[in-house]
Each structure stands twice: as structure tokens, then as C-alpha cells.
There are 2 protein chains.
Amino acid sequence: MTTGKITIQDIAQLAGVSKTTVSRVLNQRPDVNPETRERILQIMDQQGFFPSLAASGLAGGRSRLIGALVSVIHWPLIPEIMRGIAEVIDQSPYELVLYSVNAGNDQKDYSDVIERILATKLTAGILAIYPGQSAAHLAELCREGFPLVMFDDQINPPEDISWVGADQKAGAYAATRHLLQQGHRRIAHIQGPLQFQVSLDRYQGYCDALAEAGIEVEPELVLQGDFMPTGGKECTTQLLQALEKRPTAIFAASDLMAYGVLSTITEYGLRVPEDIAVIGYDDIPFSRHAQPALTTVRQPLHEMGKRSIELLLQMIDPPEIKVRPWNHKSALRLQDAMAAPVLPASPVHIKLSTSLVVRASCGATQHSL
Amino acid sequence: MTTGKITIQDIAQLAGVSKTTVSRVLNQRPDVNPETRERILQIMDQQGFFPSLAASGLAGGRSRLIGALVSVIHWPLIPEIMRGIAEVIDQSPYELVLYSVNAGNDQKDYSDVIERILATKLTAGILAIYPGQSAAHLAELCREGFPLVMFDDQINPPEDISWVGADQKAGAYAATRHLLQQGHRRIAHIQGPLQFQVSLDRYQGYCDALAEAGIEVEPELVLQGDFMPTGGKECTTQLLQALEKRPTAIFAASDLMAYGVLSTITEYGLRVPEDIAVIGYDDIPFSRHAQPALTTVRQPLHEMGKRSIELLLQMIDPPEIKVRPWNHKSALRLQDAMAAPVLPASPVHIKLSTSLVVRASCGATQHSL
DNA sequence: CTGTTAGCGCGTTCAA
DNA sequence: TTGAACGCGCTAACAG
């Protein structure tokens, strides 16, 4: 516990070598005598030595920090995402710096935060979680070669940016199709704000399923919400007021909106799912405890979190070429690989699949777990 | 956007002064010619200059990073807390580094993480959120003069540690008292794990209210849960099995457990609140959307988050003495103040008050918002 | 394989 | 009120 402030210097003295050598083993360089390396490593952890990130960052020109740009820190999906991220970070030499934009108002531009991140040169890369409007800024960063990964929510397909997302269209398709299979024909859809790509994708999935069933999309059955319970309430009220043309099922683009849907339906003296079936989207931890338990589309958030940070770390430290130059051919390939500029590599797009979680709210007979 | 890498050097040249002077205005030193200062400041933000945190940390021996030690990153209370923290951090020159312990297992010891935090000397202080078992370690840190604030959950009252918490006892007291006022006499309490101070405090509040009403605590009505829905389910099942001695109200020590209580009661064909009233604890965002809407005790998490980080920042940068040395007396006081060692200051304890949020689940006639 | 020499960008002495 | 010089702890060229 009395880990005062051991430096490379100290280790070097104890091991009887120069600081350079210690630095080398620290950075996993191959060119160190195995015995020496072993001895140094031993001394290091027996002394409880950790290099100063500040110093190594300064000297090496690279940082050991990853910036996580979180737009809406209190969004219910965040914890699960962060859990995935933390798992990976814990196993890496990197630390996570949390940049929370939008701690106050919604309309705030992120550019100043981004500017600051870059200018302080504090982080080696950025993971942008639900970047929303600032996607453009970020894309520019990417083009300049700054390691950056976006977590979902890509507007105007930024081709040159790497992202990890979920198959929103397929998720919405599955949800809608499930309702159709239950015999529903009048299925309403409450969208999220159209400025988000996910809203469009989910709407598309909804349309696809209807089209497949030969049903035309009725404009009155498609309302725009705000992802929040309030929006769900308002839209549902509107839907229920059209007495003779009420839908028999409502597919909300977020669980939060679905909560508003559920309570509004109840307030109208109607029952879920007997009178109206409801499906949400996200599978927020609470949804299984809703009454009735909410059928919803689960996004593999934990997995997405892991994959996104893994991808980012990979962009920062490109994995070593495993091929050893035993012969001309492989030597040549190694040369090529090392000669090639690594940064403007082709962007990686990872789209994970969603899954429909069937619970009581959609009328299926399944148990609610 | 092309904020490449402007250094103090550049600013100094543009302003026609030495780097030292620029550094001075950066650190808000008073001994700079006002005109010069103004000019430099202007150039700085017209150039979009931000000092390198790494370099200034190295040189100055102090960091601009705050470490947030979060034990259970996916705990539903976290987002709201983080929102408060982010708000304050955004307004400060500090950044937040997220140390998530327990990304995997529960029993993991935090000491290695703490060790790492200290050894890398990366952070200027630590905010420990729900530190749980590692409180002892942290207390030691405090004693060594390291700036540290604990967010709630203090076990074995660590006197020399500063913390921010909520008045758990009063919250539980209010909840129980409310039930008593509704006429309930057999009130069960589902505790959280007893290793957490909050569990004990809430239990105490429960007992106090009963005692005040002249009711003895019945051991069969006090069960130990795990803060999770599952625990709520199990305990409720146990309570309901004692047919003739069923409670008429259940006070759960967390909203999550209350969800389990609600669903179990429903499964038993009973109604809330007609047959059994339910009150939870925390006021998780979702609780207002539960069916029936959950009466609960709200902790001012956002405020607590703000206060805790503010306190920590204050410990790191003790506020300047405002008194200017215009005369002998004040000059003397200034001297004294500056001579005194700042670090081992007396610990600050902030306890914010909770509030009962009455909704449908406890049988009050109030609307559920 | 190893040591030596320079800095990284900034804060902090000093002296002016 | 200002500037020059030194060093924080480490990495990155070089040479050996």
C-alpha cells in the first residue's frame, strides 16, 4: 500500500541495467535478453511498479487513454453498454475517460468537446456512443486518421467511419411479423425521432413485414414519438381516440415509449394484450418486470460494447503480423504489411443481430420468465 | 478543426513573450501584467489552445483527471449519479476517468485497481461510488492525504473519510410511517444485503417507525433480499406462504426488489394495493411506469452526484482565501491560512434528505403522475 | 542485445 | 512583472 512513487529509474538500479532496458520490457519489445527480461519483470511487480501514464504519453507521443463520448449519459441502455466496455478495458493497458456531452441541454454542439479531446491529445482514440448530430464532425476526424469507432446511430451512412451496430431493421421486422402471426392486421408503429438512423431502420423493418403480408402502411397508424414514455402516451392517446379505427397492436420503437403505451391503454380501461397487443424495442432491464411483461426486441448491448471497444483498440494497436519471415515469400508479405500505412485502413462495420423476446404483452401464451 | 498541436511555445511566440508568462496566465497566477494577460488569453482561444494534460501533469506533479471508481457499473442508480457528476466535471478543467471494478465477478478485490490508480499517479483524486467492501482500503488512502470522497455506502463509519450520502434511515422511516398511517399493522420489510450500511440504516428506519407506533418488530416479517428482483420474488413467496399471517404491506429496500414483490403478488392472484400495499426504495426512473405505479423513497441522486464531485474538487483545489491583505490583520490571516497544511483537513460528511414519492402501489388515492 | 543522448510540453525554481 | 534554465518520468532515436 505504501506504493510511493517507484520509477523506471529505481527498477533499473535494482536490476543493474539502464532505464532504456526497463522501458523496453515495459513496452514488450522483443529485443531483450530473456533472462534480463525475467529479472526485470520480477522486480517490477515485487516493487509494485506501474509506469506513469502521463510521462509515457508525453514521451511516446501516444496515450493510454480511450475517450468515451457519451451523448446521453442517463439513457437506460448505457449501463449495459458500459459494462461490456469496462470488461475489455479492464483487460487492457488502457483506461477509459468519460466525456459526457449533453449534460445540460439537448441542442448543445459537441464540437467543442471534440475539439478539446483532440487538442489536449489526451486520448489515443474515441468511442462515440450514440453520437447523434455530431456524426459529421466525427467522420472528419476519421478521415484525418484519428482512431474512432461509432456505437450505432449512424446518420447518412458515413462510409469512411467504423461502427458497431445492431440490425435494427431485422429487429423491427421480427417484431411486426410476430404480431402479424398472432393475427393482427391493424398494427400501429410509434417511431423514434427521425433524426436518428435507428428510427428509420425500425420503421423500414415494420414496413417490410407489412408489405410481406400484403398489408399497406396506413399513415394514421404511424406516429412519431420521442423515445420517451411521454411520447408513447401522447401517441397512444391519439391512436385510441380514433374509436372505430383503433389498432389492435402497437409496436413502439423503444421500451420507454412502450411503457407510456401500456399505462395509457390501461387508463382507457382497455387490457393488454387482450384488447391491444404491445411490443417495445431495446429490452431494458426493467421490461421483464412490467405488467404485463413487455415483449420487446433485444439488442446485444453488452456484446456490442465489447466489440466496439475491441475494434477501437485494434485500430490503435494493429495486431502484430504473425507470419514470421522464414522464407522469401512470407518475408515479402511482412515487408508489404509494414510498409503500408496503417491508419487509413478500410473502415470496419459490425452489425450484430437482434432477437425478439416474447413476453406477455403481445398475447403469446409464453411465460414471462 | 485543424487544431493540430498548438503548444505554449507557439502562443508565446505569437504574443511576443516567454513560455513562462503564458504558463502563468494558464495557471491563473496574479502576477502578470493585465494587458499582457488579456492579449495572451485572446491569442489562446483564437488559436484554440488547450494545454496538454499529460505534460502539465508530469511537470506540475498534479493531474487534471478525476478517477471515478464505480463498483457496479450497470446498477440502475448509476446513470442519474453520473449525470450529476458530468455536469460538474464539464464546468471544470478536470476530466473523468472511469475505473470500473467488478466488471466480472462480485467478489473481486478492488485493491489492485486502487493500487494501479495510485501508482500510475494518473488521477488527482478519487470518487468512490458504492465502494462496498473496499471501504477499508480507501480509508487508508484518505489517511495518507489522498483526496477521496465516498458516495454513500459507508461501512463501519470511517470517521476520517469524507462522504456524501442520503438519509436512509429517515427515508425508510417515512415509508413505514406512511404505511402505518394507511392503517397497516403487519408490515413486512425486505432488507438488502446486510454487508451494506444502507441496508442497516433502512432497517433501522423501519424499526423506528414501528416502535413509534407501538408495534413490535416481528422477525418473520423481516427477510433478507439481494437488492434484485429475484430476491424480492423469493422473499414475497415466503411471506405469502404463511397464509394466516400474511402481511398487509411490504416495504422493500430497493425498487428492483419491489418489482419482484409486485409480480409475485400478482401471480398469487392478489392485488396491489387492495390486498397488499407495496413501497420500494430508490425511485428508479422506471418505477413510475410500473403497474401499479410504485410508491418509493427517492434519493436525490443527481444532487448527490454533484455534491460529491464538488466536494472532491474542493479538496483537491482548496478555494482561494478571498480576503485580500489590505491591512495587517487580514494579511496575517492569509499567512496563517497558507501556512496551514491543507491536506489532512477534517473530513466532510454530507447527508442529503430523501423524499417519499407516493404513487398507486401503497393505496393512497393520489394520482400516479 | 544494450547503454547514451535527446527531447516530449509544461511547471517551477531562480535571477533580472 | 518577466525570462532563462532545469527537471518531471518516460520513449526514441542513435551508437556500441
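Residues numbered from 1 in each chain as written. Chains lettered and ligands numbered in written order. Predicted model: local features only at pLDDT ≥ 70, side-chain atom pairs only at ≥ 80, totals over all residues. Heavy atoms only, no water.

Peer 1: Could you give an account of the overall build of chain A, with specific residues and numbers?
Peer 2: The helix and strand tally for chain A stands at 13 helices and twelve strands. Counting only residues that meet the buried cut, chain A has 53% of its 369 residues in that class. Considering only contacts within chain A whose residues lie at least 6 apart along the sequence, 70% involve residues at least 24 apart. Of the accessible surface of chain A, which amounts to about 17,200 Å², a share of 51% is contributed by carbon and sulfur atoms. (Helix = DSSP H or I, 4+ residues; strand = E, 2+ residues; numbered from the N terminus. Buried < 20%, exposed > 50% of the residue type's maximum accessible area, 1.4 Å probe, protein only. Contact = heavy atoms within 4.5 Å. Areas by Shrake-Rupley, 256 points an atom, 1.4 Å probe, with all protein chains shown as cover.)

Peer 1: An account of the protein's contact with DNA strand C is needed here, citing residue identities and associated values.
Peer 2: For DNA strand C, the set of nearby residues contains 26 residues, the closest of which are T20, T21 and R24 of chain A together with I8 and R29 of chain B. Sugar plus phosphate, as a fraction of atoms of DNA strand C within 4 Å of the protein: 59%. In this structure, A59 of chain A approaches DNA strand C through a main-chain N or O atom, which is 3.1 Å from a base oxygen. Here R29 of chain B contributes a side-chain N or O atom positioned 2.6 Å from a phosphate oxygen of DNA strand C. Contributions of two or more residues to the surface near DNA strand C are made by α2 (19–26), α3 (34–46) and α4 (53–60) of chain A together with α2 (19–26) and α4 (53–60) of chain B. The biggest single contributor to the surface near DNA strand C is α4 of chain B, with four residues. Broken down by class, the residue content of the surface near DNA strand C amounts to eleven nonpolar, twelve polar and three charged. (Near = heavy atom within 4 Å. Polar contact = N/O pair within 3.5 Å; in protein donor to acceptor, adjacent residues only side chain to side chain. Nonpolar A, V, L, I, M, F, W, Y, C, P; charged D, E, K, R; others polar.)

Peer 1: I'd like a description of the relation of the copies chain B and chain A, backed by residues and values.
Peer 2: Turning chain B through 180 degrees and shifting it by 0.0 Å along the axis lays it on chain A, with an RMSD of 0.1 Å. Expressed as an axis order, the relation between the two copies is that of a two-fold axis. Looking at the interface residues of chain B, 100% of them are also at the interface in chain A, so both copies use one shared face. (Least-squares fit on C-alpha atoms with pLDDT ≥ 70 in both.)

Peer 1: Break down the nonpolar core for me, with residues and values.
Peer 2: Where a protein is soluble and globular, its nonpolar side chains tend to be buried together. If you look at the biggest cluster of nonpolar residues, it comprises 158 residues, and the most contacted ones within it are I129 of chain A together with I129 of chain B. Counting residues in each nonpolar core, the second largest holds 45 residues, with C142 of chain A together with L65, L69 and F146 of chain B among its members. (Core = buried A, V, L, I, M, F, W, Y, C linked by side-chain atoms within 4.5 Å.)

Peer 1: Account for the side chain of D152 of chain A, with residues named and values stated.
Peer 2: Residues and elements named next belong to chain A. Its location among the elements puts D152 in the loop between β4 (148–151) and β5 (162–166). Buried charge without a partner: D152 forms no salt bridge, and the closest opposite charge is R202, 5.4 Å away. A distance of 2.8 Å separates polar atoms of two side chains, one belonging to D152 and the other to Q168. Contacts of D152, omitting those with residues within four sequence positions, involve Y130, P131, V164, G165, A166, Q168, V198, Q299 and M304. (Lys, Arg positive; Asp, Glu negative; His and termini not counted. Salt bridge = Lys/Arg side-chain N within 4 Å of Asp/Glu carboxyl O.)

Peer 1: Describe the pairing of strand β1 (residues 65–70) of chain A, and please don't skip the residues or the numbers.
Peer 2: Residue and element names in this part refer to chain A. Across the six residues that make up β1, a large majority, six, are buried. The side-chain alternation of β1 yields two buried faces, one formed by L65, G67 and L69 and the other by I66, A68 and V70. Taken together, β1, helix α5 (residues 78–90) and strand β2 (residues 95–100) form a β-α-β motif whose crossover is right-handed. Two elements, β1 and strand β3 (residues 125–129), share five bridges in a ladder whose sense is parallel. Considered in β3, the bridge of I66 is made with G125. (Right-handed = clockwise from strand over helix to strand, strands pointing away. Pairing = 2+ DSSP bridges.)

Peer 1: Got a sec to walk through the domain arrangement of chain A? Specific residues and values, please.
Peer 2: Residue and element names in this part refer to chain A. Once the domains are mapped, chain A shows domain 1 (8–49), domain 2 (60–151 + 302–352) and domain 3 (168–300 + 354–368). On the side of domain 3, ten residues touch domain 2, which itself brings nine residues to the contact. Here domain 2 and domain 3 share an interface that buries about 770 Å² over both sides, 70% of which is from carbon and sulfur atoms. On the domain 2 side of the interface with domain 3, the three residues burying the most area are W75, P76 and L77, jointly 52% of the side's total. (Domains from an automatic or database assignment. Buried area = accessible area lost by both parts, 1.4 Å probe.)

Peer 1: Let's hear about the sheet that holds strand β10 (residues 295–298) of chain A: which residues, and what values?
Peer 2: Residue and element names in this part refer to chain A. Strand order in the open sheet formed by six strands is β7-β6-β8-β9-β10-β12, with mixed pairing between adjacent strands. The open sheet terminates on both sides in strands that have one partner only, identified here as β7 (222–224) and β12 (355–357). Averaged over neighbouring strand pairs, the angle between their axes works out to 20 degrees when direction is ignored. Pairing geometry for strand β8 (residues 249–252) and strand β9 (residues 277–282), over three bridges, is parallel. The residue bridging F251 from the neighbouring strand is I279, located in β9. Each of β6 (187–191), β8, β9, β10 and β12 touches helix α8 (residues 168–181); the most contacted strand, β9, lies at about 165 degrees to it. (Axes fitted to C-alpha atoms, helices over the stretch in contact; angles between N-to-C directions.)

Peer 1: Describe the protein's contact with DNA strand D, listing the residues and the values that go with them.
Peer 2: By nearness alone, 24 residues border DNA strand D, and I8, S23 and R29 of chain A together with T21 and R24 of chain B come closest of all. In DNA strand D, atoms within 4 Å of the protein come 61% from sugar and phosphate. Between DNA strand D and the protein, one listed contact pairs a phosphate oxygen with a backbone N or O atom of I8 of chain A at 2.5 Å. With respect to DNA strand D, the side chain of R29 of chain A contributes an N or O atom lying 2.7 Å from a phosphate oxygen. Among the secondary structure elements, those contributing two or more residues to the surface near DNA strand D are α2 and α4 of chain A together with α2 and α4 of chain B. Counting residues per element, the surface near DNA strand D draws most heavily on α4 of chain A, at four residues. Per-class residue counts for the surface near DNA strand D are nine nonpolar, twelve polar and three charged.

Peer 1: If you had to explain helix α1 (residues 8–15) of chain A to someone new, which residues and values would you point to?
Peer 2: All names here are of chain A. When α1 is considered as a whole, its buried residues turn out to be I11, A12 and A15. For α1, the angular spread of buried residues about the axis comes to 100 degrees, placing them on one side. Exposed side chains of α1 directed beyond 90 degrees from the buried face belong to Q13 and L14. In this fold, the buried residues of α1 make contact with α2 and α3. (Arc of directions from axis to C-beta.)

Peer 1: Could you give an account of the packing of aromatic side chains, naming the residues involved and the relevant values?
Peer 2: Residues and elements named next belong to chain A. Going through the model one piece at a time under the given rule, you end up with 15 aromatic pairs over all chains. For the ring pair F251 and Y281, a centre distance of 6.4 Å and an interplane angle of 40 degrees mean the geometry is tilted. Placement of F251 in strand β8 and of Y281 in strand β9 is noted, with a sequence separation of 30 residues between them. With respect to class, F251 is no different from Y281; both count as buried. (Phe/Tyr/Trp six-rings, centres within 6.5 Å; stacked < 30°, edge-to-face > 60°.)

Peer 1: Tell me about the UniProt feature "domain: HTH lacI-type" (unreviewed entry) in chain A, and name the residues and values.
Peer 2: Per the UniProt record, "domain: HTH lacI-type" (unreviewed entry) is found at residues 6–60 of chain A. Along residues 6–60 of chain A one finds 67% helix and 0% strand; the C-alpha atoms at either end are 19 Å apart. (UniProt positions renumbered as here; feature names shortened; annotations may be inferred.)

Peer 1: Account for the pattern of salt bridges, with residues named and values stated.
Peer 2: Within the structure shown, the criterion is met by 28 salt bridges over all chains. D317 of chain B is paired through a salt bridge with R64 of chain B; the nearest N and O atoms lie 3.8 Å apart. Of the two residues, D317 of chain B is situated in the loop between α12 (301–316) and α13 (328–339) and R64 of chain B in the loop between α4 and β1 (65–70); the sequence distance between them amounts to 253 residues. Salt bridges sharing partners connect three or more residues here, namely E80, R83, E87 and K306 of chain A.

Peer 1: I'd like a rundown of the sheet that holds β2 of chain A, residues and numbers included.
Peer 2: Taken in spatial order, the twelve strands line up as β11(A)-β5(A)-β4(A)-β3(A)-β1(A)-β2(A)-β2(B)-β1(B)-β3(B)-β4(B)-β5(B)-β11(B) in an open sheet, and their pairing is mixed. With partners counted over all chains shown, the strands left at the sheet margins are β11 (349–352) of chain A together with β11 (349–352) of chain B, one partner each. Geometrically, the sheet is characterised by an average inter-axis angle of 20 degrees between neighbouring strands, direction not taken into account. Here four bridges tie strand β5 (residues 162–166) of chain B to β11 of chain B, and the two strands are oriented parallel to one another.

Peer 1: So, the interface of chain B and chain A: which residues are in play, and what are the values?
Peer 2: Many descriptions give the size of an interface as the accessible area lost when the pieces come together. Counting from both sides, the interface comprises 48 residues of chain B and, opposite them, 49 residues of chain A. Taking both sides of the interface into account, the surface hidden between chain B and chain A amounts to around 4,800 Å²; carbon and sulfur atoms contribute 65%. Applying the counting criterion to the chain B and chain A interface returns zero salt bridges. At the surface where chain B touches chain A, the tally comes to two residue pairs in polar contact (both at pLDDT 80 or more). At the level of secondary structure, the elements contributing two or more residues to the side of chain B that touches chain A comprise α4, α5 (78–90), β2 (95–100), α6 (111–119), α7 (135–143) and α11 (255–267) of chain B. Per element, the largest residue contribution to the side of chain B that touches chain A is seven residues, and it comes from α5 of chain B. Considering only residue class, the side of chain B that touches chain A consists of 25 nonpolar, eleven polar and twelve charged.

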